[in-house]
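One-letter residues, chain by chain:
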Amino acid sequence: MKHYIIFALLIFAIALTAQEKEYKLDEIYVTAGRAPITFKEIARSIVVITSEEIKNLPAASLEDLIGSVASVDIRTRGINGVQSDAGIRGGTFEQTLILIDGIKVSDPQTGHHNMNLPVPVSNIERIEILKGHGSRIFGANAFSGVINIITKKRNDMAAEATAEGGSFDSYAYSLNASIPASLINSAVAFGRKKSDGYIANTDYDITDFSISQNAGVAAQAINWYYGYTNKKFGAYNFYSDRFPNQREETTTNLFYVSSEINISDILYLSPKAYLRKNKDDYILDYTRPEWYHNIHKSTSYGIELQSTLVSDFGKLSFGGEYSGDEIESNNLGNHTREKKGFYIEQMFSPTDKINSSFGFYAYKYAKAGWKIWPGFDFAYNIDGATKIYATLGKSFRIPTFTELYYDSPANKGNPELTYEEVNNYEFGLSRRAINYTYDLNVFLKSGYNLIDWVRKSESEPWRVENVTELNTTGLEVAFGINPSFYISGFFIKNVNLGYTYLSYDRKAEGFESKYLIDNLKHQLICSVSYRLPFNINQTLILKYEDRLNYGSNFLTDTQLNYGGSFYQVYVRISNLFDVKYEEIPGILLPGRRITAGLRINYEDFK
């Protein structure tokens, strides 16, 4: 009860003093530090998926959008947002921190639910993906990278409606609208997706809803957001290929409130508070529902207060957080844990060409005492568009409730687990210009005390232990070009190419690993956007992935768009060449699927 009272008091305090700093919309501010900065100031590897790309990419779900970025490993159990695992730079699905508008929403029960995100795709403004260490900025679980989903925040009247249908008796529709009224800007979004499935027990029914408000005038505002998602689906072979009749239903609710309080021109505060609830209702065999039926109810909550001071020495950000996790489960038991942390970050630019940031995050949770997680970033701007940068830092992840307490004949949790750690080192070269872009990065991740499901022989159950060491060496190369800059009216609008190579040196003497042996080794993603006759635009994505000990896949997706600012008709073809493939052993994914849809936009109406 204590944390609910604290939560309510902080909301009240924010409401009394809320002001929001007004940032220019013609610049992109990204999740690479405690304070927003422009892209050219960043000394990290970061990718932004823009609102225009969200509309034009051949993506049926948020997971498809994220999976279009090189070094991001999306491994799908159920298509169109049913369930996917998200890893970055060879990290596991547990090692990626998920944010919505900077609010931590990773699931404490299991990383399999990290993508249970209560935000309709139609309500996403952009997606920011930070590659590499993030614990110096965000604390726990920003181990291999961070995915931050930024929702739409408009101050004009607008609406968008989408309807589509296609293969496997699938259909989807969505509606979102923004409504300004005096001092309050409101937004609402709703979406539903449904399909009979591509094979037996792969059906799904997904509903998303969100509502938010920005209350105030100009730079004085308070932001609050409520999101809901419910997924009912057939879980064919999801967690064991011995049981094809698995069923699952998950329900996630998220509420947060945030603000920025301008104390003066050089000092402002950024308080936030959030509450997330997730229910997981899982049946191992729906023909015998009472034989093995797990119900897990998890709660995460937190409050955070950040101060930022602007001076001749740059931006100094400091603050702290208090958060906690709870679970009620007929399998995992009932457990709670508290988490505390405080941080300091100094951003310093002694010249126009040099940008740096350094700081640490001190963190304490449950049985583990206080520990400091430092980091340092440095960038040198060669010219207005080109820079070299270097970054180093330590990151960590705390165990989930499943890793701590799960108990079955085949899998055993370990209540004595502690955090896993990694040292990150990275060097990069980056250019952003109108005509072309490129990025070249090399990095080393040195992980130790890694949490892994291991066993010594096939006759033993999988057990969770801090036993693994893993060194990951990586190379990333990305190139983008705008041909129309060189040839006026050329039909190809842009070409983007991203390649990732990963090499692993794993040590877990005497143990067989359940999850750390099928990481990505090679990944190549190419996207091309071009104009066709009759004002048709097409985007094509080609993706090649090669995994350790598991083989490779080559997939092609495409989307054709026709229309203007008021309406767009589109046709999306996933797995164009009807490839038979799996991303997780034992879970066959669908062949070619075709979807046609209509999107209607209505802006500035009265």
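This text gives an overview of the structure that appears in the document. (Residues numbered from 1 in each chain as written. Predicted model: local features only at pLDDT ≥ 70, side-chain atom pairs only at ≥ 80, totals over all residues. Heavy atoms only, no water.)

### Looking at the overall build of the protein
Here comes step 1: Each helix and strand in the protein was counted, giving five helices and 34 strands.
Here comes step 2: Computed over the C-alpha atoms, the radius of gyration of the protein is 23 Å, within 12% of the 25 Å expected from 2.2 N^0.38 for a compact globule of 606 residues.
Here comes step 3: Its C-alpha atoms give the protein principal-axis dimensions of roughly 65 × 60 × 45 Å.
Here comes step 4: Counting over 606 residues, the protein shows a buried share of 54%.
Here comes step 5: Here the analysis covers contacts within the protein between residues at least 6 apart in sequence; of these, 61% occur between residues at least 24 apart.
Here comes step 6: Side-chain charges of the protein comprise 62 positive and 69 negative groups, with the mean position of each set lying 1 Å from the other. (Helix = DSSP H or I, 4+ residues; strand = E, 2+ residues; numbered from the N terminus. Rg over C-alpha atoms; globule rule 2.2 N^0.38 Å. Buried < 20%, exposed > 50% of the residue type's maximum accessible area, 1.4 Å probe, protein only. Contact = heavy atoms within 4.5 Å. Lys, Arg positive; Asp, Glu negative; His and termini not counted. Charge placed at Lys NZ, Arg CZ, Asp CG, Glu CD.)

### What about empty space enclosed by the protein?
Here comes step 1: Following the criterion strictly, the structure yields eleven cavities of 30 Å³ or more and no others.
Here comes step 2: Counted as a void, the largest cavity has a volume near 410 Å³.
Here comes step 3: Lining of the largest cavity is provided by 26 residues; of these, Asp64, Lys543, Asp557, Tyr581 and Glu583 occupy positions nearest its centre.
Here comes step 4: Going through the elements one at a time, helix H3 (62-66), strand E2 (72-78), strand E29 (536-547) and strand E30 (551-563) are the ones with two or more residues in the lining of the largest cavity.
Here comes step 5: Residue classes in the lining of the largest cavity are distributed as nine nonpolar, ten polar and seven charged.
Here comes step 6: Counted as a void, the second largest cavity has a volume near 280 Å³.
Here comes step 7: Residue lining of the second largest cavity: 24 residues in total, with Leu97, Ser106, Asn141, Asp325 and Lys339 positioned closest to the centre.
Here comes step 8: Partitioning the lining of the second largest cavity into residue classes produces eight nonpolar, seven polar and nine charged. (1 Å grid on protein atoms, 1.4 Å probe; cavity = no way out; pocket = protein on both sides within 12 Å on 5 of 7 lines; lining within 4 Å. Points joined across faces, edges and corners; volume = space filled by probe spheres on them. Nonpolar A, V, L, I, M, F, W, Y, C, P; charged D, E, K, R; others polar.)

### Remarks on the pattern of salt bridges
Here comes step 1: Applying the stated criterion across every chain, the model contains 29 salt bridges.
Here comes step 2: The salt bridge partner of Glu128 is Arg126, with a shortest N-O separation of 2.9 Å.
Here comes step 3: Between Glu421 and Lys394 there is a salt bridge whose closest N-O contact spans 3.9 Å. Placement of Glu421 in strand E23 (residues 420-432) and of Lys394 in strand E21 (residues 386-397) is noted, with a sequence separation of 27 residues between them. Exposure class is identical for Glu421 and Lys394. Each is buried.
Here comes step 4: Several salt bridges share partner residues, and in doing so they unite Asp73, Glu545 and Arg547 into one network. (Salt bridge = Lys/Arg side-chain N within 4 Å of Asp/Glu carboxyl O.)

### Quick notes on the sheet that holds strand E6 (residues 124-131)
Here comes step 1: The five strands lie next to each other as E1-E6-E7-E4-E5, forming an open sheet whose pairing is mixed. Edge positions in the open sheet fall to strand E1 (45-49) and strand E5 (103-104), since each of these has one partner strand only.
Here comes step 2: Relative to strand E7 (residues 145-151), E6 is paired through seven bridges, and the arrangement is antiparallel. Each bridged residue has a counterpart across the sheet, and for Ile129 the counterpart in E7 is Ile147. (Pairing = 2+ DSSP bridges.)

### Digging into the pairing of strand E19 (residues 354-365)
Here comes step 1: One ladder, built from ten bridges, connects strand E18 (residues 333-348) with E19; its direction is antiparallel. When the sheet's bridge partners are listed, Lys340 is paired in E19 with Lys364.
Here comes step 2: Remark: five residues form the turn of the hairpin made by E18 and E19, two consecutive strands paired antiparallel.
Here comes step 3: Pairing between E19 and strand E20 (residues 368-381): eleven bridges, direction antiparallel.

### Description of the environment of Asn537
Here comes step 1: Mapped onto the elements, Asn537 comes out in strand E29.
Here comes step 2: The class for Asn537 is partly exposed, based on a relative accessible area of 24%.

### Let's talk about the packing of aromatic side chains
Here comes step 1: Summed over the entire model, instances satisfying the criterion amount to 26 aromatic pairs.
Here comes step 2: Measuring from ring centre to ring centre gives 6.2 Å for Phe342 and Phe360, while their planes differ by 85°; the resulting arrangement is edge-to-face. Of this pair, Phe342 sits in strand E18 while Phe360 sits in strand E19, and the two are 18 residues apart along the sequence.
Here comes step 3: Members of the aromatic cluster, connected to one another through ring pairs, are Tyr343, Tyr361, Tyr363, Trp373, Phe396 and Tyr419.
Here comes step 4: Here Arg89 stacks its cationic end above the ring of Phe443, 4.1 Å away from the centre of that ring.
Here comes step 5: The positively charged end of Arg337 is found above the aromatic ring belonging to Phe401, 4.7 Å away from the centroid. (Phe/Tyr/Trp six-rings, centres within 6.5 Å; stacked < 30°, edge-to-face > 60°. Lys NZ or Arg CZ within 6 Å of the ring centre and 35° of its normal.)

### Here we look at the side chain of Asn185
Here comes step 1: Relative to the assigned elements, Asn185 resides in strand E10 (residues 184-195).
Here comes step 2: Under the relative-accessibility criterion, Asn185 is labelled buried at 18%.
Here comes step 3: Leaving out residues up to four positions away in the same chain, Asn185 has contacts with Arg154, Asn155, Ile179, Pro180, Ser212, Gln213 and Asn214.

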